[in-house]
Structures are given as C-alpha cells and as structure tokens.
Amino acid sequence: MSDDRAPHGASITMRGLVKRYGSVTAVDAIDLDARPGEFLTLLGPSGSGKTTTLNMIAGFVDVTEGELSIDGSPVTDLPPYKRDIGMVFQHYALFPHMSVAQNVEYPLRQRSIAKAQRSTMVADALTMVGLEHLARRKPKELSGGQQQRVALARAVVYNPRVLLMDEPLGALDKKLRDTLQLEIKRIHADLGTTFVYVTHDQDEALVLSDRVAVFNDGRIQQIGTPSDLYEHPNSLFVAQFVGESSVFRGVLDGDRVHVGGRSLTATRGTLPDTRDVAVVVRPERIDIHPGVAEPSAANAIRGRVIQHIYFGNARKVEVRLDDGSMVLVRESAGATLAPVHADDDVWLTFRAEDASVLALDGPSVPHPTPVTSTN
Ligand code: ADP
Ligand code: MG
C-alpha cells in the first residue's frame with residue numbers, strides 16, 4: 001500500500017446500547033469498545049444480535065437507547081455516509097453492470113475524488129486483493145471468492161477508519177474461506193484500520209481476532225483474547241461455544257465437585273456461588289487409560305468408549321460416563337496412541353489446573369458440537 005495509508009484506525013465506544021423491534025430486544029444494553037486498529041470479532045449463534053450491533057455502528061439501524069461514538073465523537077445521529085466506515089456483507093452486493101474497477105471506484109466518485117487520484121487508489125486496492133489483472137471483468141465473470149475480494153477492495157479503497165464485515169466468508173467453501181481468512185488478516189495488518197467482524201464460526205473468530213466478544217441472546221457473555229476465551233471461559237456457554245469442552249456435571253461441596261461416586265477438583269478461575277455445577281476440561285487435556293484398574297491421579301473418572309474417530313492429525317474418543325453423559329477426549333496423532341475399541345472400559349484423568357468449575361444455571365449451548373463435525 002502507498003504511504004498515505006499509515007495506521008489510522010478509529011476507536012468505537014458503545015455504552016448501554018439497546019435495539020428493540022417491538023417486543024423483541026435484539027441487542028440488550030451492551031457495553032463494548034473497539035480499540036484503534038484492533039481486529040474485534042462479534043461471535044455468537046444465529047439471532048444473538050451480532051448483525052444488529054454491526055448495523056448500529058454502520059448507521060443502517062437506529063439505536064433505541066444508549067451511546068455510540070467513533071473516536072470519541074457521538075455518531076448516533078449521523079447518517080451512514082458521514083461515519084467514515086467501510087462495509088462488507090455476506091452477499092457481495094456488487095453492481096452487476098459495472099466492471100471490477102468501476103465497482104471499486106464507485107465510493108471515490110461519491111466522494112468527488114479527482115480522476116487521476118481515483119485511478120491510483122483503485123489500482124492500489126485491486127493490487128491489495130490480488131485482482132489487478134481482472135479490473136475489466138464484470139462481477140458475473142468472477143468466482144465467489146473473487147467477487148468477495150472486489151467487495152473488500154471497494155470497502156477499503158477510500159481508506160475508512162473502520163471496516164465492518166458481516167459473515168463475509170459465509171457463502172464460500174471451506175478451502176477458500178481458509179485462504180481468504182489469511183488475506184483478511186494480512187490486509188488488516190497492512191491497513192491499520194479498525195476491523196469489526198461478525199461470524200458464528202468460532203474457528204474463524206480464533207484465527208482472525210485480537211479480541212472476541214461472545215454474544216448470546218442480545219448480550220455479551222464474555223470478551224477477551226482468543227486464548228482468554230479458550231483457557232478461561234467464564235460460563236458453560238462460552239466453554240461450549242468457543243472450542244470443544246468435556247463437561248462433568250455434579251454438585252459442589254466445599255472446593256470439590258461430586259460427579260457420580262467420584263470427587264473431582266479444579267483450580268482454574270473462581271468457584272461459582274451455586275451447588276449445581278460442571279467441571280469443564282478441554283478434550284486435549286484429558287488422558288485416557290484403557291482397563292479397569294484405577295490410575296493414580298487427582299481427578300479420575302470411569303467410562304466406556306462409544307466410538308473413536310481419526311482426523312489425520314488427531315484422534316477423538318467419545319466416552320460415556322456412568323451417569324450416561326458423553327465426554328470427549330482428543331489425542332494428538334503425534335503421540336503413541338493406545339488402541340481403544342467401542343465398549344472398552346476406560347478411566348479418564350486430568351489435572352486440576354486444566355479444569356474449571358462453572359455454574360450449570362447460566363445460559364448453555366443446547367446442542368454441543370457433534371464429535372464428527374470438525375477437528
Ligand atoms: P445475528 O446477526 O446474531 O444472527 P441479528 O442481529 O440479526 O442476529 O438478530 C437479533 C434478533 O433480532 C433476532 O431475534 C432477530 O430475529 C431480531 N431482528 C433482527 N432484525 C430485525 C428486524 N428488522 N425486525 C424484527 N426483528 C429483528
Ligand atoms: Mg447476522
């Protein structure tokens with residue numbers, strides 16, 4: 001990029017932001033900041049209020065209550081075109097009758113930028129997304145991934161202080177998504193623009209973001225770096241939505257949790273103020289021991305293998321505990337893996353330092369990720 005694109009991302013401040021549609025509260029009094037130049041992702045299930053939040057930042061949706069400012073200036077009453085924001089949607093929204101170059105040039109014409117400067121800016125933006133050779137094509141002569149690159153070039157060509165993206169890779173296949181994720185990350189680093197990115201895909205959120213705000217039911221359940229969320233989920237909802245978790249339901253008694261006839265202990269985070277809890281451990285932090293002899297470990301619990309699945313780089317074993325619940329163990333394929341078979345009796349062990357105790361009464365994910373979906 002040329003030198004006039006020095007880092008210049010804006011801060012965004014949301015205080016008590018509410019959006020109601022009749023009796024539906026789409027966004028319920030959120031407080032959220034995007035730091036200048038940050039890559040902030042809004043992650044959550046469908047209907048949790050991500051798009052509504054993004055559209056309030058953009059100015060496409062009116063704020064019902066609360067304050068929204070960009071670089072410290074209130075923008076609640078500013079129309080979208082005065083907010084200096086670029087936007088990329090899931091569906092490309094390109095003008096079909098214009099060439100690639102004309103599409104990218106469009107926002108510059110709207111801003112009455114001189115012709116000579118326009119062609120340099122268009123060429124720069126197309127180079128950034130690797131499409132300079134396709135400048136004369138029409139959108140329908142491009143693949144989905146190429147069209148989305150044009151949309152991205154069009155959104156950043158006028159060098160906005162903020163770029164908003166709503167599930168921009170949602171319509172693309174997995175390989176292309178992976179490639180474009182890396183490109184978006186590189187473009188973010190090059191531009192220094194503040195990115196606010198919406199996705200329901202937790203892998204994508206972890207790969208891309210400086211910080212992730214986890215949305216649930218119009219509220220922010222937790223905000224933190226990808227590793228904060230992965231290592232220190234503040235609720236069963238986050239533990240199950242961000243990555244996979246094995247959940248041992250039980251009853252808290254002092255600092256121990258009774259699960260079936262066993263007593264487990266966990267030292268991550270703080271103990272909740274409630275009796276009905278779960279000990280929660282990431283599947284890769286659990287060891288599996290075939291056989292009926294109890295291994296010596298701080299935390300050991302018995303189960304039976306239901307199935308095991310190879311992913312090339314890992315093996316996942318699904319185990320049913322005596323109380324009927326299912327937990328997951330993930331072993332890296334680099335290790336020597338003891339053979340396991342369906343119906344084997346096994347013991348599972350894990351360290352107290354790798355486990356948290358979380359309340360069961362908070363929001364939880366109704367359908368945990370099935371064992372066969374991804375690795
Ligand atoms: P997400 O992007 O996380 O899937 P949305 O922000 O689109 O969620 O929606 C949040 C909630 O607000 C949902 O319950 C949705 O049905 C509701 N909602 C969104 N837009 C409208 C609208 N224009 N009219 C009525 N309800 C809406
Ligand atoms: Mg949405």
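These figures come from a predicted structure and were not determined experimentally.

The rules we used
Residues numbered from 1 in each chain as written. Chains lettered and ligands numbered in written order. Predicted model: local features only at pLDDT ≥ 70, side-chain atom pairs only at ≥ 80, totals over all residues. Heavy atoms only, no water. Core = buried A, V, L, I, M, F, W, Y, C linked by side-chain atoms within 4.5 Å. Buried < 20%, exposed > 50% of the residue type's maximum accessible area, 1.4 Å probe, protein only. Helix = DSSP H or I, 4+ residues; strand = E, 2+ residues; numbered from the N terminus. Contact = heavy atoms within 4.5 Å. Pairing = 2+ DSSP bridges. Axes fitted to C-alpha atoms, helices over the stretch in contact; angles between N-to-C directions. Polar contact = N/O pair within 3.5 Å; in protein donor to acceptor, adjacent residues only side chain to side chain. Parallel < 35°, antiparallel > 145°, perpendicular 65-115°, else oblique. Left-handed = near helix turned anticlockwise from the far one by under 90°. Nonpolar A, V, L, I, M, F, W, Y, C, P; charged D, E, K, R; others polar. Near = heavy atom within 4 Å. Areas by Shrake-Rupley, 256 points an atom, 1.4 Å probe, with all protein chains shown as cover. Domains from an automatic or database assignment. UniProt positions renumbered as here; feature names shortened; annotations may be inferred.

(A) Main features of the nonpolar core. Formed by 37 residues in total, the largest nonpolar core has its most connected members in Val104, Leu126, Leu152, Leu163, Met165 and Ile184. Going through the elements one at a time, helix H2 (100–110), helix H3 (115–128), helix H4 (144–156), strand S7 (162–166), helix H5 (174–191) and strand S8 (194–199) are the ones with two or more residues in this core. Those residues in contact with Met165 that lie beyond four places of it in its chain are Leu54, Val88, Leu152, Ile184, Phe195, Val196, Tyr197 and Val198. Membership of the second largest hydrophobic core comes to 27 residues, among which are Leu54, Met56, Met87 and Val198.

(B) Quick look at the sheet that holds strand S9 (residues 211–216). Spatially, the six strands line up as an open sheet ordered S6-S7-S8-S3-S9-S10, and their pairing is mixed. The outermost strands of the open sheet, each flanked by one partner alone, are strand S6 (85–88) and strand S10 (219–224). In this sheet, adjacent strand axes meet at a mean angle of 15° when their direction is disregarded. When strand S3 (residues 39–43) meets S9, the two strands line up parallel, connected through four bridges. In the strand pairing of S9, Thr41 is matched with Val212. Strand contacts of H4: S6 and S7, with the helix running at about 170° to S6, the strand carrying the most contacts.

(C) Layout of the side chain of Gln222. Within the secondary structure, Gln222 sits in strand S10. Its relative accessible area of 11% is what places Gln222 among the buried residues. A polar side-chain atom of Gln222 sits 3.0 Å from the main-chain carbonyl oxygen of His232. In this view, Gln222 contacts Val212, Ala213, Val214, Asp228, Leu229, His232, Pro233, Asn234 and Val238; residues no more than four positions away in its chain are not counted.

(D) Representation of the packing of H2 against H3 within the structure. The N-to-C vectors of H2 and H3 enclose an angle of 125°; their axes lie 9 Å apart at closest approach. The angle between H2 and H3 places the two elements in the oblique class. As H2 runs across H3, the sense of the crossing is right-handed. Residue-level contacts link Val100, Ala101, Val104, Glu105, Leu108 and Arg109 of H2 to Arg118, Met121, Val122, Ala125 and Leu126 of H3. Of the residues that constitute the contact of H2 with H3, the class distribution is eight nonpolar, no polar and three charged.

(E) Looking closely at the site of ligand 1. Taken together, the residues surrounding ligand 1 are Tyr21, Ala26, Pro45, Ser46, Gly47, Ser48, Gly49, Lys50, Thr51 and Thr52. One of the backbone N or O atoms of Gly47 is found 2.6 Å from an oxygen atom in ligand 1. Contact distances for ligand 1 include 3.1 Å between an oxygen atom and a backbone N or O atom of Ser48. Considered on its own, ligand 1 offers 560 Å² of accessible surface; in the complex 58% of this is hidden by protein. It is helix H1 (residues 50–58) that provides the largest number of residues to the shell around ligand 1, a total of three residues.

(F) Unusual backbone geometry, seen in detail. Although it is not a glycine, Asp84 sits at a positive phi angle of roughly 60°. By secondary structure assignment, the location of Asp84 is in the loop between strand S5 (73–74) and S6. Under the relative-accessibility criterion, Asp84 is labelled partly exposed at 26%. With phi around 80°, Asp343 is a residue other than glycine that occupies positive phi space. Residue placement: Asp343 occurs in the loop between strand S18 (326–332) and strand S19 (345–350). Among the residues examined, Asp343 registers a relative accessible area of 54% and is labelled exposed.

(G) The arrangement of the domain arrangement of the chain in detail. When cut into domains, the chain gives domain 1 (12–228) and domain 2 (252–359). For domain 1 and domain 2, the distance between their C-alpha centres works out to 40 Å.

(H) Expanded view of the pairing of S19. S19 sits mainly inside the fold: five of its six residues count as buried. As defined by bridge partners, strand S15 (residues 287–290) adjoins S19 across four bridges and the pair is classed as antiparallel. In the sheet register, Pro290 faces S19, and the bridge partner there is Val346. The pairing of strand S16 (residues 299–310) with S19 spans six bridges and is classified as antiparallel. Bridge assignment links Ala300 to a residue of S19, and that residue is Thr349.

(I) Structural view of the UniProt feature "domain: ABC transporter" (unreviewed entry) in the chain. The UniProt record marks residues 12–242 with the feature "domain: ABC transporter" (unreviewed entry), using the residue numbering of this structure. Between the C-alpha atoms that bound residues 12–242 the distance is 24 Å, and the span itself is 36% helix and 26% strand.

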